[in-house]
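One-letter residues, chain by chain:
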Amino acid sequence: MADPRPYSVLVRDEDHEIEIKRSRFICYLARVESETDAREQVELVRAEHRLARHHCTAFVIGPERELRRSNDDGEPSGTAGMPMLDALVKHVPEGREAPDLSDVVAVVVRYFGGVLLGAGGLVRAYSEAVSATLARASFATRARLALFTLEAPVAEAGRWEHELRAAGIEVVDTTYDTSAHLRLAIDDTEAARAALDGRIATITSGAARAVAEGTEWRTTRG
């Protein structure tokens, strides 16, 4: 199985409004962790804008962006939800080399201004509403970490911890009983695990090994 790739998420919810031929398009972006979260966010926006004619939606969820949904909410088929989804999927956050945004839902509320835009005009309007809001957003990185516990003699714990930190390995915390227990976090990749094993073997002269304790997803700025 391939190592899980870090991906981009929103730092905070964002909204922005554009106007095209007197129609108002208000885009809301929110970070979500499940389809249930996404649909709840849609309902919140719908409740806030009960008088709007359309509440079109798109969302992308999962480390591999595997869950993708869109809805035109009464607009001609393919003119709203899919362009919105396309804008989410193709967006390259600042500092990234490729599109990797996930765990995000977009809701675009339209207040009809009395002028028909046509299919092409609707596609451009809904896509622009999402893209313009994304351009205002800030992003963080979400990555999966592997967690380990390393048991150390109390007299050696300080040195081991210092050398692990110097090697760029995160020491989450250290607890003590008859021994010291160092909780470590590294990128969840084969290369990082091999590097950890090698560093521990060097530091402890082969006397200790880290015990895997599972994984966790963590979000960091940048």
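In the nomenclature of an unreviewed UniProt entry, the protein is known as IMPACT family protein of Gulosibacter faecalis.

As a further point, take the pattern of salt bridges. One pass over the full model with this rule turns up 15 salt bridges. Note that Glu-43 is salt-bridged to Arg-46, the shortest N-O span being 3.7 Å. One end of the pair, Glu-43, and the other, Arg-46, are both in helix α1 (residues 35-48), three residues apart, so they sit about a helical turn from each other. For Glu-43, a relative accessible area of 46% corresponds to the partly exposed category. Across the pair Arg-193 and Asp-188 runs a salt bridge, and its minimum N-O distance is 2.4 Å. On the basis of relative accessible area, Asp-188 is assigned to the buried category, the value being 6%.

Overall, antiparallel pairing links the five strands, which are arranged β2-β3-β6-β4-β5 in an open sheet. With partners counted over all chains shown, the strands left at the sheet margins are β2 (14-20) and β5 (67-71), one partner each. Averaged over all adjacent pairs, the angle separating strand axes in this sheet is 15°, with direction ignored. Contacting β3 (23-31), β4 (54-61), β5 and β6 (104-111), α1 crosses the sheet at an angle of about 160° to β4. Sheet strands in contact with helix α3 (residues 118-136) are β2, β3, β4 and β6, and its direction is about 145° off that of β2.

This next bit is on unusual backbone geometry. Even without being glycine, Arg-22 reaches a positive phi, approximately 75°. Turning to its location among the elements, Arg-22 is positioned in the loop between β2 and β3. The phi angle at Arg-65 is positive, at roughly 55°, despite the residue not being glycine. Residue position: Arg-65 is located in the loop between β4 and β5.

As a further point, take the packing of aromatic side chains. Applying the stated criterion across every chain yields a total of two aromatic pairs. Both rings, one in Phe-25 and one in Tyr-126, keep their centres 5.1 Å apart while their planes meet at 85°; by these two values the pair is edge-to-face. Taken together, the positions of Phe-25 in strand β3 and Tyr-126 in helix α3 put the pair 101 residues apart, joining distant regions of the chain.

Let us look at helix α5 (residues 190-203). Under the 1.5 Å per step criterion, the end-to-end length of α5 is 20 Å for 14 residues, consistent within 8% with the ideal 20 Å. Buried within α5 are the following residues: Ala-192, Leu-196, Ile-200 and Ile-203. Across the axial projection of α5, the buried residues extend over an arc of 70°, all falling on one side. Opposite its buried face, α5 presents the exposed residues Glu-190, Ala-191 and Thr-202, each directed more than 90 degrees away. Buried-residue contacts for α5 involve β7 (139-152), α4 (154-166) and β9 (180-187).

Conventions we followed
- Residues numbered from 1 in each chain as written.
- Predicted model: local features only at pLDDT ≥ 70, side-chain atom pairs only at ≥ 80, totals over all residues.
- Heavy atoms only, no water.
- Salt bridge = Lys/Arg side-chain N within 4 Å of Asp/Glu carboxyl O.
- Helix = DSSP H or I, 4+ residues; strand = E, 2+ residues; numbered from the N terminus.
- Buried < 20%, exposed > 50% of the residue type's maximum accessible area, 1.4 Å probe, protein only.
- Pairing = 2+ DSSP bridges.
- Axes fitted to C-alpha atoms, helices over the stretch in contact; angles between N-to-C directions.
- Contact = heavy atoms within 4.5 Å.
- Phe/Tyr/Trp six-rings, centres within 6.5 Å; stacked < 30°, edge-to-face > 60°.
- Expected span 1.5 Å × (residues − 1).
- Arc of directions from axis to C-beta.

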